[in-house]
Amino acid sequence: VCDTNPETVKKYPDLKFTDDYQKLITNSEIDIVVELIGGTKIAYDVVHSALKNGKTVVTANKALLLSLIHI
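Note that this is a predicted model, so its numbers are computed, not measured.

What counts and what doesn't
Residues numbered from 1 in each chain as written. Predicted model: local features only at pLDDT ≥ 70, side-chain atom pairs only at ≥ 80, totals over all residues. Heavy atoms only, no water. Helix = DSSP H or I, 4+ residues; strand = E, 2+ residues; numbered from the N terminus. Expected span 1.5 Å × (residues − 1). Buried < 20%, exposed > 50% of the residue type's maximum accessible area, 1.4 Å probe, protein only. Arc of directions from axis to C-beta. Contact = heavy atoms within 4.5 Å. Pairing = 2+ DSSP bridges. Right-handed = clockwise from strand over helix to strand, strands pointing away. Salt bridge = Lys/Arg side-chain N within 4 Å of Asp/Glu carboxyl O. Patch = residues over 30% accessible without salt bridge, like charges linked within 9 Å, V, L, I, M, F, W, Y side chains within 5 Å. Areas by Shrake-Rupley, 256 points an atom, 1.4 Å probe, with all protein chains shown as cover.

Q: Account for helix 2 (residues 41-52), with residues named and values stated.
A: Between its terminal C-alpha atoms helix 2 stretches 17 Å, which fits the 16 Å expected from twelve residues at 1.5 Å a residue. Every buried residue of helix 2 is listed here: A43, V46, V47, S49 and A50. Taken down its axis, helix 2 places every buried residue within 165 degrees of arc, on the same side. Residues of helix 2 that are exposed and angled more than 90 degrees away from the buried face: K41, L51 and K52. Those residues of helix 2 that are buried lie in contact with helix 1 (21-25), strand 1 (32-35), strand 2 (56-59) and helix 3 (62-69). The first or second residue beyond helix 2 is G54, which carries a positive phi of 75 degrees.

See below:
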């Protein structure tokens, strides 16, 4: 799990946590990235980096998908 707020995951002590999405993106043991951020700026950076690193990406972020159509 990646979140910039460590308080978010305190109720799930069994989860591995980082506040740096690049650690997930570059981790060879991780195959799938699920983007749940919303918006476009940070979400785009995460999804783009994940795809460049060969990860499968799952998102329901309609704003992000719409922004990609205009590229």
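Q: Give me the pairing of strand 1: which residues, what numbers.
A: Going residue by residue along strand 1, you find V33 and E35 tucked away on one face and I32 and V34 left uncovered on the opposite face. For strand 1 and strand 2, the ladder comprises four bridges, and the chain directions are parallel. Across the sheet, the residue bridging to V33 is V57, located in strand 2. A crossover links strand 1 with its parallel partner strand 2, the connecting element being helix 2, and its sense is right-handed.

Q: Please give an account of the pattern of salt bridges that cites residues and values.
A: Following the criterion strictly, the structure yields two salt bridges and no others. A salt bridge links E7 to K10, with the shortest nitrogen-to-oxygen separation between them at 3.1 Å. Residues E7 and K10 agree in their burial class; the two are exposed. In this structure, D45 engages K41 in a salt bridge whose closest nitrogen and oxygen atoms are separated by 3.1 Å. Taken together, the residues span about one helical turn, with D45 and K41 both in helix 2 at a distance of four residues. Take D45: its relative accessible area is 25%, and that puts it in the partly exposed class. Taking relative accessible area as the criterion, K41 reaches 58% and is therefore assigned exposed.

Q: Residues and numbers for a nonpolar patch on the surface, please.
A: A contiguous nonpolar patch, built from V1, Y12, L15 and F17 and spanning about 360 Å² of accessible area, is present on the exposed surface. Within the element layout of this structure, V1 appears in the segment before helix 1. Its relative accessible area of 43% is what places V1 among the partly exposed residues.

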